Structures are given as C-alpha cells and as structure tokens.
Amino acid sequence: MINRLVLSAFTLLLLSFSCHKEEEAPPPIPPDQLMEIIAEALILEPAGREMPYITQDSIYKRYYTLILRERGHTMEDFISSMQWLQKDPKRLEETYNKVLEHIEVIETEANN
C-alpha cells in the first residue's frame, strides 16, 4: 500500500504545475540515494503482489524499512525526501527518468 500511495502521489504531482519556488533545505536523503531507493523498491514490488492481498501492506512496509535501514535512513527521512521531491514536478520527472535508467542497468547486469 505504501508503494501504491507513493506512486499515486507521484502521478498526481506530475499533473500539477508549480510556478513559485522558495529556497528550501536539502532533503534528508540525497537525491542520488533517493533514486536508488525508489528503484530498488520498484524492483521488489512485484514480489509483494505474489503475497496474499491482506499481507501486502505489511510486506511493502517491511521492504521499505529494510531498504532504508541498509542505507542508514528512516521512514521519516524517506517521507520528508519524497515531499521535497514532489514539490518540483521537473525534479520529480528527472528523478523518475534516472530511476528507469538505473533499473535498466540493474536488469542488464542481472542478465549478464
């Protein structure tokens, strides 16, 4: 569910436009790490769909917790970083383009 909520939020933000930009603090998770976290979560997401529907939310929460813990971050860091990312549709789109490129690299390496 968390993964679905995050993806839904991204979709909504891509449809919105932001004209006003304020000086903002950097996110708790650096953008390159955030991109890797999103990519890894998207790669693992199909495995969660194989689980019974009633357990999917807890599986996704566990995925995110493990991914974040491995990198020294918390769910609060992730949520705050995602909010930072979502404030700028251009930044969001660029990040997701990098996510897709990163997933392609991972898939290519796995097939070799």
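Residues numbered from 1 in each chain as written. Predicted model: local features only at pLDDT ≥ 70, side-chain atom pairs only at ≥ 80, totals over all residues. Heavy atoms only, no water.

## Some remarks on the overall build of the chain
- Summing up its helical and strand segments, the chain has 5 helices and 0 strands in all.
- Ordering the α and β elements of the chain from the N terminus gives α-α-α-α-α.
- Of all 112 residues assigned to the chain, the portion counted as buried reaches 30%.
- A fraction of 79% describes how many contacts in the chain between residues 6 or more apart in sequence connect residues 24 or more apart.
- For the chain, the accessible area works out to roughly 7,600 Å², and carbon and sulfur atoms hold 58% of it. (Helix = DSSP H or I, 4+ residues; strand = E, 2+ residues; numbered from the N terminus. Buried < 20%, exposed > 50% of the residue type's maximum accessible area, 1.4 Å probe, protein only. Contact = heavy atoms within 4.5 Å. Areas by Shrake-Rupley, 256 points an atom, 1.4 Å probe, with all protein chains shown as cover.)

## Description of the packing of aromatic side chains
- Enumeration over the complete set of coordinates arrives at 1 aromatic pair.
- Ring centres 5.2 Å apart and planes at 45° place the aromatic pair Y64 and F78 in the tilted group. Placement of the pair is Y64 in helix α3 (residues 53-70) and F78 in helix α4 (residues 75-86), with a sequence separation of 14 residues.
- Note that R91 overlies the ring of W84, its terminal NZ or CZ placed 3.7 Å from the centroid. (Phe/Tyr/Trp six-rings, centres within 6.5 Å; stacked < 30°, edge-to-face > 60°. Lys NZ or Arg CZ within 6 Å of the ring centre and 35° of its normal.)

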